[in-house]
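Chain and residue survey
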Amino acid sequence: MINIPDTLKISLRAIRINKMRSALTMLGIIIGVGSVIAMLAVGTGASEKIRQQISSIGSNLLLILPGSTTSGGLRMGMGSQPTLTKDDADAILREIPRVQDVAPILSGVAQVVFGNQNWSTGVYGSTEGVFVVRDLSLVSGRMFTEQDVRSANKVAVLGQTVVTNLFGSSNPVGQIIRIKKLPFTVIGVLGEKGQSMQGQDQDDIIYIPVTTAQKKIFGTPFPGMVRNIMVKVRHAGDINDVENEINSLLRQRHRISSREDNDFQVRNLADMMQMAEQSSRVMTLLLGAIASVSLLVGGIGIMNIMLVSVTERTREIGIRMAVGAKTWDILMQFMIEALTLSLMGGVIGIILGIGGAKILSVMAGWETVVSPVSVLLAFGFSALVGVFFGFYPAYKASLLNPIDALRYE
Amino acid sequence: MSLIETEDLYKIYDAGGAPVHALDGVSVRIDSGEFVAIMGPSGSGKSTFMNIIGCLDQPTRGRYLLGGIETARLTRDELATIRNEKIGFVFQGFNLLPRTSALENVELPMFYRSMHHGERRKKAREALKRLGLEGREHHHPNQLSGGQQQRVAIARALVNDVPLILADEPTGNLDTKTSIEIMELLVRLNRDDQMTIVLVTHEHDIAAFSRRIIHFLDGRIVSDEAHYPDWEKPEERPDQ
């Protein structure tokens, strides 16, 4: 029964008549919606980045570290006790069927030389399992094999950064490089992995067989020692069970009695990542909540202006009532006016918010993702603000006594 | 059947503890097609009476029947419908919507009748033409003279084909010449279109256009007599 297009026309005219005032009122909503969109984009971008890093590290991963030593009552840091061996790693793979693969790691920093170029990089001794565990891919050549590990062959697989620094653009496969003066044959080049969450260059790396690292490069206090063991579990759901099985297997292998503490520690990488993701989600919520406050303030601005508008136009309301406007007609007229203000502000805010997110990602280098959900949310929220804060002034207008309204000066 | 019938109307305001009887038992009948002038000094209750018969206000006590409908029991919205369909208002201060064209002002009563846009426009144009405002359709009130504004208001009052026009001091803001023009317009509506017109004024010259004059004093009717206006005696009609 109410004529929406014509009522909308009336609202647009009222908004146009007070251009400056309408613009300022809308500004509250524009800033509110814009900041909600931009903040959610920043937060979503951060979560997205963490999620990407989780998958770049490789999911379903457990990290086994040696325990800490106690010397003279002084507890040393984690990993100070050299307790893990390659045999532990082999036993885990052999005894626990739900483990897909293991990678014992013995790493260190070493100077690498090719021709007249040299480069200091992380040298990782491991088994062929590392390629599965760390989801490594090759761009040329081959991985080292179980045979290479067993014979402690001097072969190396290089990361992109090492290749760039030593070889420039020429093909390194088949070339001989020197690691700590020992000659190694380059057998493969890894695909690019990018930065880790801590900002480390994951391509500045050389993989060699763990046995070669133990015997020829780093040396070990006792045979077979490794710095840590990475374990990849077949199914993410099994990760906690596998963690328990590793605990009991290693306790048994290290002959730890039930009264003693572990001389190793199992860490769940996915858990750590999830924690990081969780905290970024909390941050997103927090940013969104702060931005919502400005939307709320914008809504109060709308209510304020609508109250002023109703008072100013009391006579107009009286005239409309005299010629037959019903309670509902007046209510709708002012509701639609408030809604028009808030929705126009909402649309402009969405555009500015998306623009702001883009600027943030270009200027500050933050990854931002504007999700359609956040746009819908912001739009819906601004409509809600219009309805909520427009209702009281409109209701007040609709209940005016026609004769008092007509006489209002 | 009378168009307007009131029976013992009271309107009592509470002015700081002491009740003020704005209307103190008013009973009157006005038939269809009459042209009534209501006179009286300010505070006599004539405006209160107009507001009540215009369904803008409700009496404290008493009955008011408009076209046989008992208005005391009607809701706000039902009263709004009655105002829309049965009554056209002409005010002293014109009461046109500012910054709104003459055409849209005239369309307003039809807007609240959910009339189709095209039909609204057509009828509004006709009403303006009838009142000699052709070519002024898109003028805003502040671009029109007082007489023109009042003619727009009259066009708005009659556009919904209402039987009753209530004019509250319609010439109060106009000069003598324009006042007479407006009054002649009202006379024509009464004489040619049989519209019932109730007019409030405190000027005898203006009341002289009507055919019945009711005097109010202290909330009561003190006199109610038939009057033979000049326009019924063409030979005595003033030149203006």
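**Some remarks on the overall build of chain A**
Regarding its fold elements, chain A presents 13 helices and 12 strands. Relative to the compact-globule value of 22 Å for 409 residues, chain A shows a C-alpha radius of gyration of 34 Å, a clear excess of over 25%. When its C-alpha atoms are laid out on the principal axes, chain A stretches across 105 × 60 × 40 Å. Burial analysis of chain A (409 residues in total) assigns 41% to the buried set. Relative to all contacts within chain A whose residues are 6 or more apart in sequence, the contacts with residues 24 or more apart total 81%.

**Thoughts on the overall build of chain B**
What chain B contains, in helices and strands, is seven helices and 10 strands. Compactness check: chain B gives a C-alpha radius of gyration of 18 Å against a globular reference of 18 Å for 240 residues, within 12% of the reference. Oriented by its inertia axes, the alpha-carbon framework of chain B measures out at about 50 × 45 × 40 Å. Going through the 240 residues of chain B one by one, you find that 45% of them count as buried.

**Here's the deal with the pairing of strand S7 (residues 164-168) of chain B**
All names here are of chain B. Across the five residues of S7, five count as buried, placing the element largely inside the fold. The alternating pattern of S7 places Leu 164, Leu 166 and Asp 168 and Ile 165 and Ala 167 on opposite faces, both of which are buried. Examined bridge by bridge, strand S6 (residues 87-90) and S7 share four bridges and lie parallel to one another. Within S7, the position partnered with Gly 88 by the bridge is Ile 165.

**A short note on the sheet that holds strand S5 (residues 69-70) of chain B**
All names here are of chain B. Taken in spatial order, the four strands of this open sheet run S2-S1-S4-S5, and their pairing is antiparallel. Both edges of this open sheet fall to strand S2 (18-30) and S5, since each of them pairs with a single strand only. Of the pairings in the sheet, the one linking strand S1 (residues 4-15) to S2 comprises 10 bridges and is antiparallel in character. Within S2, the residue paired with Tyr 10 across the bridge is Asp 24.

**Here's the deal with the sheet that holds strand S8 (residues 196-200) of chain B**
All names here are of chain B. Within the open sheet, the six strands sit side by side as S6-S7-S8-S3-S9-S10. Their pairing is mixed. Edge positions in the sheet fall to S6 and strand S10 (220-226), since each of these pairs with one other strand and no more. Here the average twist between neighbouring strands, direction ignored, is 15°. Two elements, S7 and S8, share five bridges in a ladder whose sense is parallel. Within S8, the residue paired with Leu 166 across the bridge is Val 198. Packing against the sheet, helix H6 (residues 176-193) makes contact with strand S3 (35-39), S7 and S8, and its axis sits at approximately 150° to S8.

**Section: the interface of chain B and chain A**
Listed as interface residues are 20 residues of chain B and, on the opposing side, 18 residues of chain A. When residues of the side of chain B that touches chain A are traced back to their parent elements, those giving at least two are helix H2 (76-86) and helix H3 (102-111) of chain B. Of the residues forming the side of chain B that touches chain A, the biggest block, six residues, is contributed by H2 of chain B. For the side of chain B that touches chain A, the per-class residue count stands at eight nonpolar, five polar and seven charged.

**A closer look at the environment of Arg 255 of chain A**
Along the polypeptide, Arg 255 of chain A turns up in the loop between helix H8 (239-253) and strand S12 (264-268). Considered as a pair, Arg 255 of chain A and Ala 23 of chain A are 232 residues apart in the sequence and their alpha carbons are 77 Å apart.

**Remarks on the environment of Val 293 of chain A**
Residues and elements named next belong to chain A. You can see Val 293 is positioned in helix H9 (residues 269-312). The exposure class assigned to Val 293 is exposed, which follows from the 12 C-beta atoms found within 10 Å. Measuring from C-alpha to C-alpha, the distance between Val 293 and Gly 32 comes to 7.5 Å, with 261 residues separating the pair along the chain.

**Re the packing of helix H3 (residues 86-95) of chain A against H8 of chain A**
Residues and elements named next belong to chain A. Two elements in contact, H3 and H8, have axes separated by 11 Å at closest approach and are oriented at 130°. On the basis of their axis angle, the class for H3 and H8 is oblique. Where H3 crosses over H8, the two elements pack in a sense that is right-handed. Only Ile 246, Leu 249, Leu 250 and Arg 253 of H8 make contact with H3, whose side of the interface consists of Asp 88, Ala 91, Ile 92 and Glu 95. For the contact of H3 with H8, the residue count by class is five nonpolar, no polar and three charged.

**Quick word on the confidence of the model for chain B**
Looking at chain B as a whole, its pLDDT mean stands at 91, while 97% of the residues score no less than 70. As scored by the predictor, the complex reaches a pTM of 0.72 and an ipTM of 0.93.

**Considering the domain arrangement of chain A**
Segmenting chain A into domains produces domain 1 (4-53 + 275-407) and domain 2 (82-262). If you average the C-alpha positions of domain 1 of chain A and of domain 2 of chain A, the two centres end up 57 Å apart.

**So, unusual backbone geometry**
In this structure, Lys 181 of chain A takes a positive phi of about 75° despite not being glycine. In this fold, Lys 181 of chain A is placed in the loop between strand S8 (176-179) and strand S9 (182-190). Take Lys 181 of chain A: there are 8 C-beta atoms within 10 Å of it, and that puts it in the exposed class. Of note in this structure, Glu 169 of chain B is not a glycine but carries a positive phi near 50°. Structurally, the position occupied by Glu 169 of chain B is in the loop between S7 and H6.

**Examining the nonpolar core**
Among the nonpolar cores identified, the biggest contains 116 residues, and Ile 37 of chain A together with Ile 38 of chain B are the most heavily contacted of them. Excluding residues within four positions of it along the chain, Ile 37 of chain A makes contact with Ile 350, Gly 353, Ile 354, Ala 357, Val 370, Ser 374, Val 375 and Ala 378 of chain A. Counting residues in hydrophobic clusters, the runner-up holds 51 residues, among them Leu 62, Ile 64, Ala 103 and Val 130 of chain A.

**Some points on H6 of chain B**
Residues and elements named next belong to chain B. Over its 18 residues, H6 extends 25 Å from the first C-alpha to the last, a length consistent with the 26 Å expected when each residue adds 1.5 Å. All buried positions along H6 are accounted for by Ser 179, Ile 182, Met 183, Leu 186, Leu 189 and Asn 190. Summarising the axial view, the buried residues of H6 lie within an arc of 110°, below the 170-degree limit, and thus occupy one face. Opposite the buried face of H6, by more than 90 degrees, sit the exposed residues Lys 177 and Asp 192. Looking at the buried side of H6, the elements it contacts are S3, helix H5 (146-158), S7, S8 and helix H7 (204-207). Trailing H6 by a residue or two, Gln 194 shows a phi angle of about 55°, which is positive.

**Re the packing of H5 of chain B against H6 of chain B**
Residues and elements named next belong to chain B. In the contact formed by H5 and H6, the axes pass within 10 Å of each other and the chain directions differ by 20°. By the angle between their directions, the pair H5 and H6 is classed as roughly parallel. Considering only the axes of H5 and H6, their crossing is right-handed. For the pair H5 and H6, contact is made by Gly 146, Gly 147, Gln 150, Arg 151, Ile 154 and Leu 158 and by Thr 178, Glu 181, Ile 182, Leu 185 and Leu 189, respectively.

Parameters at a glance
Residues numbered from 1 in each chain as written. Chains lettered and ligands numbered in written order. Predicted model: local features only at pLDDT ≥ 70, side-chain atom pairs only at ≥ 80, totals over all residues. Helix = DSSP H or I, 4+ residues; strand = E, 2+ residues; numbered from the N terminus. Rg over C-alpha atoms; globule rule 2.2 N^0.38 Å. Buried ≥ 20, exposed ≤ 12 C-beta atoms within 10 Å, placed from the backbone. Contact = placed C-beta atoms within 7 Å. Pairing = 2+ DSSP bridges. Axes fitted to C-alpha atoms, helices over the stretch in contact; angles between N-to-C directions. Nonpolar A, V, L, I, M, F, W, Y, C, P; charged D, E, K, R; others polar. Parallel < 35°, antiparallel > 145°, perpendicular 65-115°, else oblique. Left-handed = near helix turned anticlockwise from the far one by under 90°. pLDDT = per-residue confidence, 0-100. Domains from an automatic or database assignment. Core = buried A, V, L, I, M, F, W, Y, C linked by C-beta atoms within 7 Å. Expected span 1.5 Å × (residues − 1). Arc of directions from axis to C-beta.

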